[in-house]
Each structure stands twice: as C-alpha cells, then as structure tokens.
Amino acid sequence: MTGWPRALRRGLALFPAFGILTGLFFVPIALLFAVSFWSVKSYRLVPGFSPDAYARTFSFYGPLFISTMLIAAAVALLCVTVGFVFAYGARFRSGRYGDLFILATMITLFGGYLVKIYSWKAILSANGILNSALIWLGLVDAPVTWFIFNRGAVIVALAHFLLPFAILPIYSALRNVPDITLEAARDLGASPWATLVRVVLPQCKAGLVAAFAICFLSAAGDYVTPMFLGGGSGIMLGQFIVSEFSTRFNWPVGAAMSFSLMGVSALVIAAVWLAIVGRRG
Amino acid sequence: MNIDVPAGGEAAKPPLLRVSGVTKRYGAAVALHPIDLEVRQGSFTAILGPSGCGKSTLLRLIAGFAEPSTGKVEIGGRDVTRLGPENRPTNMVFQGYGLFPHMSVAENVGFGLSIARRPRPEIDQRVAEALRLVRLEDFASRRISALSGGQQQRVALARALIMRPLILLLDEPLAALDLKLRQAMQTELRRIHRETGGTFIFVTHDQSEAFSLADNLIVMNEGRIEQAGVPQDVYMRPNTLFVSQFVGDTNILPGIRRGDHVELALGARFSSPGRQGQTTFVLRPEALRLDAATPAGSAPEGTALRCTVEEMLLLGGEARVTLSIGNGETLVARLSDPRDGEAFRPGMTVTVRWADKALSEVGVAA
Amino acid sequence: MRIGSFAWPLVMGLLSAFLLGPLVLVAVFSFSSNALISFPMGELTLKWYRDLLANADFHAALTNSLAIALPVALISTVTGTLAAYAFAEWRTRLGLPLLALLGLPVLLPPLVIAISLVVLYVRWLGLPLGRPAVIGGHVLVTQPLVAAVIASRMASFDFTVLEAARDLGASRWQTFWKVTLPQMRAAIVGAALIAFALSLDEFIIAVFTIGGGNTISTFVWGKIKTTLDPSINAIATILLLMTIGLTLIALRLTRYRG
C-alpha cells in the first residue's frame, strides 16, 4: 500500500466491483441488445441485423405494451402519493414515533417478494381471508370474486410491494427540508396547504421523481404479480417476455420486448423529470 | 380612543407588547416561570441569557409558534394568545435564517406578500424597496445557495420586514456570523431600526451584542426574568448576582450589615441602611481606581485600601490588575488606558479606591 | 385541538397496517390448523413447521440458499467496500456518478438482468447454470447496496484520525488495521448481513439461473404455483424471520437510514 500512487490505489479498489459490473452486466446487456436484432429459424438463432423482433413487439404486443405502461403508471403514482403522505407524516407529524414508522417501512422492504404476492393471493382469493371475514361478519352471502384476477389486484399488490421503495427516497428528501423553512412560511402567513405546495413539495422534487422512477420501472418489468393475481385483465408484458424466452424459445423477440420496455419506461421517466424538476439548474 | 386619559407622557400609552403571567411547561419540566413583560412601540429590546434560560421559548411564544401553558400575550392591545404565527402581526428572523432554498432572493422576500395575494406590481415594488433597505438590490435574482452568510442574514431580514410587522422578532440573529461581519451587521441593524421606526425584539446569549444594539434589556435565567431595564442601568445596578456576573466582569464582596453600616469581608466599612445580617455587594472592575502614592484611609465618598499587585495583564485596549488584600481576598481592577497599567508591577504596594455608590447590593449570595 | 392532531396518527396507523398486515397475516396463519388462510382462525399448531423440517426438498433448498447467500455476502462485501473506499477519495465529482453506475443493475427490472445472464452463460460462455451462476447474478445486485451503506458511513468518518495515527508513528498499514477497520467494522458487518438477506430472498435471478434444484425462494415458488399448501406459511415465516432479523441487526449496526 505504502507509496503507491493514489490513482493506482483507487483503480485497484474499483477493479473488482466494476469488473463484475462489466462482465455480468454491461457485456450481457450488450449481447442481449445484439440478440434483439437476430432472428429465429426453426428454433435456431440466426445472427443478423433485422428489426423484425421490434416490429413484432409493437404490432403483436402493442395493446399489451400500453396496458402494462398504464398499470406501471398507476402503481407509480399511487406509490408516490401514498409514499409522500407516509413519509411526510413520519418526518413532520409523528414526533418521536417517526423513526418507528421508517423501521416498519424497512421491515416491509426486506420482507420477502414472493411472500407478499402469496399473502395478497391469500387475502383476495374467493376463499381468502377478506371474503371469509366478510361472510363471517354477514356483510355478504357468497364470496366476492372480483377481488382477484384483475388489474386492480395487480395494482394493489404491486403498490404494496413497491411502497417502501417510494417512501425511503421521499423520506430522505424530506429529511433535508429544514424545519425552520416550514416555520418561516407559517410566520409569513402561509396556510398548511400553501406551505405544502410552495415550500415542502418544491424542496423534495428530486426525491419524488426518484421514487416514481424506481416504482415505474419495477412495476413495468414485473411478471410474477400479474401471473398470480392478474387473471385476464391484469396481464403484463413481463409474462410474455418470460414465455418468449422459455416456452417459445424466441430470444430475439424476448430481448426486443425487454429493451422496448426499458426504453419506453426511460422516456416516461424522463418526461416526468422534465415536467416536475423542469429545465432550470 | 379614550379622550379622558390625560394626554402626553409615555405612561399613558399602552405598551405595544404585553406578556402577563405567561408560563410554559413541557410535561413536568418548567421552561418558563410566570413571566411579565412590556415592550413599548419603537424600542429595540434584547432578551439576554445563557442557553437553556427560556429566552427562545419566550420569543416563540410571542411569535405564536408555541402556546403558553398559562397567561396572556397581547399585541397592540389585542389578545393574540391563541393565534398562530400566520395570524399575528409579528414576523421572525430565524436562527439559521430558514430561507427557501428553491427560490431566488426576490422570491424569498416576496413570499409573504404573494401568500397574502397582493397584486404583482405591489409585490415587485415592495421587494425592491426591502432589498434596497438591506442593500441587496443587485442580488434579486440570485439563488440562496450563492449567497454568503451575511447576505443570507439580510435576505431573512428583508423577508420579514417587507410584511411591515408591528414587532420584528430576531432569534440569535448574528450568532452564525464571524466577528467582523457581526460588527458590520450590528451597525446595519441599528440603521434599519432607525429607518423603519419599527419595534425589534431579539434574543441573544452575547452580552456585548445586547449592549451594542438594545435600548431595552431583559436578562433571563432558568426560566425567569432576572432584571429588565435600560442596559446601562442593568450594567451599573444589577439586582442579582447572576445579572452582575452575566453582563460583565464583577468583584463579589460578601459583608455583614450592622445598624446603618456594612462591613465587607475584605475590610472596608461604609454607611448603608437596610436589612440586617449577611449580604453581598458587587463592584465593577472599572469602578476601581489605583494609586501608587496616596496612603489608605476612609474617604468621605468612598473607600481606599492598601493592597499588593498580584498580576497585571495587558489586553490590547485595556489593562487588568489583580490585587491581593492582606486577608486573602482579591479584587480585579480594569484600567481603560493600558499605559496606566504599565506603572503597576507585581509585588508593588498600591492604594485601591472606589466610590460607595458604585457598589450594588445583590442580597445574600446562594 | 386541531383535526390534524387526531387525523395523522390514524393515517399513519392505517398505512402501517397496510404495509405490515400481509406479512403479519402469513406469520400468524403459519400457526393455524386451517389449511387455508381464512377467517375465523383455526387452532394453534406447529404441524406445518414439523412437516417442513421433515421435508427433504426443503433441506436441499435451504442448503442451496445458504451455499449461495454466504459467498454472495462475502464477495459483495469485499467488492462493495473497496469500491466505497475509492468513492470516498473521489467524493467531490466522480464518486456519485460511479456509485450510480454501480447501482444500475438494481434499477433495471430483475427479469432483464436474469435473461441477459442466461444469454451470456448459456449462449456465449457455454457454462452450465447452477449455484455459481446465481452467485454472480446476486453479487451484481448486492454490491451496490454494500457500497452505498459503506459510503454513507465513510461520509461521516473523521479522516483527521488517520492523520493523527500517522502523526503518532503508525504506518499506513497499521493505521488501516488499528484505526480505520475498527471504526468501519459495524458498517461492514451490517452491509454483509443485508447482502446475505437479499440473496436469500431474491427470486427472479435465482429461478432463471439455478438450472436444476431449488433455493428457498424457488421452493416457495413451486409450492405457490401448484396448490395453496399451508406449509407455505411456515416457509414464508422462516424466510421472513431470517431476512427481517438479519436486516434489523444490520440496521442497528450501520445506523443506515434511507
């Protein structure tokens, strides 16, 4: 260590992590991108440069693409809104219990991806806890069947899974909002609503957009939740990416769908960023 | 208006701010014991005290950020005790300023008026005026992060003053600034107070700041007002040992009163009627005169004692001499001209004298 | 008092219930004799746990998961800590973009990562899928989190103590072992636990790259997919306890928040 030039020390320290990043992320993603321009002839991959896979993505899967984006947008908006309310409550309206709410968020964050989906299935299904509770209370006679296997169930379960990912960045942005700026606004005559809109929200824009981006991308790329809870109306593109890869063995189309999904998601997020954070510094 | 009240005389005018019987408790902890306080229109009042004495709590009660546990706050004769800060005719310059980081200087200053839905031209004009008052005309479109600490302080001041508050409240306004800037801002604050003719109340733990700015001084300790009055009076005639020590250096002289005379432990005796028994006097170091020649003895208007110079410190603009009286007691004298100090060397025998009226009685020291 | 003084606790309580409710439900029903999660709850039983412990497939899955999570924790802690060290020296300009770059695999859908890894392993390298393949994928997503945790600890690190140590005669190496490492130890251990917990829980990369056999999460997957097997509640609870327990210890150690 002694006497080694700084630049060399840094380079060596970065090498393992970025070596893995390059070998297992950049290279495979680049390869996958290349595959998206290949084609398939009688279950064999044929290298080449053809836009067919993208054409198929947008023609055949076009409507599904749109409904996937709508589900992702709904989930992201729900998460950002509810996440903001929760983070705001924890930061400004809970006194010393604020940390406890954030701890609850952390527990939910790390508390099992499949377990949550399974739990929502158990809650919403025809013989699940919600229905058995409603029947036991005498509120309904027969099980309600529209709780599950539709778009709403997917949105609720995804929002539950992603809510911690929205709360944490928003909370960390709110922690950087000084309490005295709120007091100053009040002192200058601002109502709680005016303080929220003109002082608090503008100071945590970046956190809101980050939360939206994380939730939107994760929701758009999910396939397990719609598979279990989506039924017919809640199907999403991810399920078909999986089937193109595994059962149909059409890697180019699966790859093209993946990159289209990420590309369009990036555009949506960029648009949201421009609209909210805007062009100025 | 009541026409029958005799015209003229300060006493006839009701005070702008009246705080009566205000207390503040947090659970079992008492932040403020009953506080009574009056501030008249146009004054520049300092609330001075050590950290944790309740001065900031008192300021927040006046601003409306906290409700008192008991008592009443009146501004301009109106009871505002239950009003929030958004509904009080006060505005605050916060410690740390609380500027809005996402707004420009002009947007910060104009915030209150835009909340009040004043027309755009009026806002622009008053923002320009306020910025001129604090000499930041050229900074209107700057971002807050691009300003120095002193400039941020002025923005905070302009943002509060533009609301034309009946009372401007300042919480440790100069604490974050370095010495040079602090002195410059003191001059600025005095000028702005003069030009606006407003009523300013500020909280500070720095006695020199309180003395250089205020025409009305309130000294607080442990949730109580220890003394209030004109700064010079508070300095020269402290009511309590705490005040005497907090607002400057002091010699503490225990003594016993017998009949109409007091005998001090260091050996002086002078005429002073009052409560019999043990008592304590305080004496400012600058009230002491040193003399190398004159012999000891009681002068008609004061006391003179023989003593030995123990230590002499030259502190730039002044000299501080520690004197030892024969019986183990010491006194500290301050000489405003350091050249006078050079005449006194450790070990010299000198005469120290003071006028009896320079002594303030502070009761029995705890 | 104002409405807010009563409305906020209600809102926060309801949202906390929404967050934690589904997890609590699973844990509670893992002790119920009901075959399904339904109301009212049946009798208390440990049957599902006993069944699980007797299940050889579960043992195999657990072994696989541990054989993956341990190396993942070790490798990503080393690579992530080294990277954080480099970021700390570059804190001013390059550090943050580099950290963001390292975090890219966390941002993208795991499905895409999983597919691209399969394409790499199978098509280009001709490597078999299995534990090492999963380990590679997991390190990819855990090392940026380790780096973030360590970097945030380093941001509050008082670097003058290093100069003080050198001034008192310690070599660079001694300074590292006797001053730097003891102060960073809690954060490093915490980060390793988080990496371990994430690897245990991760499903999508695992199911694509494990080839044959199961990890705990793919084992759960198999159970959910086929029937509503009540032993799922027990596995899920064990998994929850492991991940939440580990991360709670980790949060304590790192004092990492957000």
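Our subject in this report is the structure included herewith. These figures come from a predicted structure and were not determined experimentally.

Brief notes about the interface of chain C and chain A
Contact residues are listed per partner, giving 80 residues for chain C and 82 residues for chain A. Both faces combined, the contact of chain C with chain A buries some 7,600 Å², and carbon together with sulfur accounts for 80% of it. Taken together, the links from chain C to chain A amount to 0 salt bridges. The tally of links between chain C and chain A comes to 7 residue pairs in polar contact (both at pLDDT 80 or more). Of the residues belonging to the side of chain C that touches chain A, the class tally is 61 nonpolar, 11 polar and 8 charged.

What about the sheet that holds strand 4 (residues 70-75) of chain B?
Spatial strand order, 2-1-4-5 (chain B): 4 strands in an open sheet with antiparallel pairing. Each of the sheet's edge strands pairs with one partner strand only, and the pair in question is strand 2 (29-39) and strand 5 (78-79) of chain B.

With respect to the side chain of Ser265(A)
All names here are of chain A. Tracing the chain through its elements places serine 265 in helix 13 (residues 251-276). Given the relative accessible area of 1%, serine 265 is considered buried. Engagement of the side chain of serine 265 in a polar contact is seen with the backbone oxygen of leucine 261, the distance being 2.6 Å. In contact with serine 265, not counting residues within four places along its chain, are Met69, Phe216, Leu217 and Ala220.

Focus on the arrangement of the chains
For the 2 pairs of chains in contact, the maximum contact count is reached by chains A and C. There is a clear gap between chain B and chain C: no contact, and 11 Å between their nearest C-alpha atoms.

Details of the pairing of strand 2 of chain B
Strand residues, when the strand is regular, have side chains that alternate between the two faces of the sheet. Residues and elements named next belong to chain B. Where strand 1 (residues 17-26) lies against strand 2, 7 bridges are found, and the strand directions are antiparallel. In the sheet register, lysine 24 faces strand 2, and the bridge partner there is leucine 32. Linkage of strand 1 to strand 2, two consecutive antiparallel strands, is achieved through a turn of 2 residues, within which glycine 27 is found at a positive phi near 60°.

Thoughts on helix 10 (residues 205-220) of chain A
One turn of the α-helix equals 3.6 residues, which is why residues spaced by three or four share an orientation. The end-to-end C-alpha distance of helix 10 of chain A, which contains 16 residues, comes to 22 Å, matching closely the 22 Å that a straight helix rising 1.5 Å per residue would cover. Every buried residue of helix 10 of chain A is listed here: Gly207(A), Leu208(A), Val209(A), Ala211(A), Phe212(A), Ala213(A), Cys215(A), Phe216(A), Leu217(A), Ala219(A) and Ala220(A).

Quick notes on the rules
Residues numbered from 1 in each chain as written. Chains lettered and ligands numbered in written order. Predicted model: local features only at pLDDT ≥ 70, side-chain atom pairs only at ≥ 80, totals over all residues. Heavy atoms only, no water. Contact = heavy atoms within 4.5 Å. Buried area = accessible area lost by both parts, 1.4 Å probe. Salt bridge = Lys/Arg side-chain N within 4 Å of Asp/Glu carboxyl O. Polar contact = N/O pair within 3.5 Å; in protein donor to acceptor, adjacent residues only side chain to side chain. Nonpolar A, V, L, I, M, F, W, Y, C, P; charged D, E, K, R; others polar. Pairing = 2+ DSSP bridges. Helix = DSSP H or I, 4+ residues; strand = E, 2+ residues; numbered from the N terminus. Buried < 20%, exposed > 50% of the residue type's maximum accessible area, 1.4 Å probe, protein only. Expected span 1.5 Å × (residues − 1).

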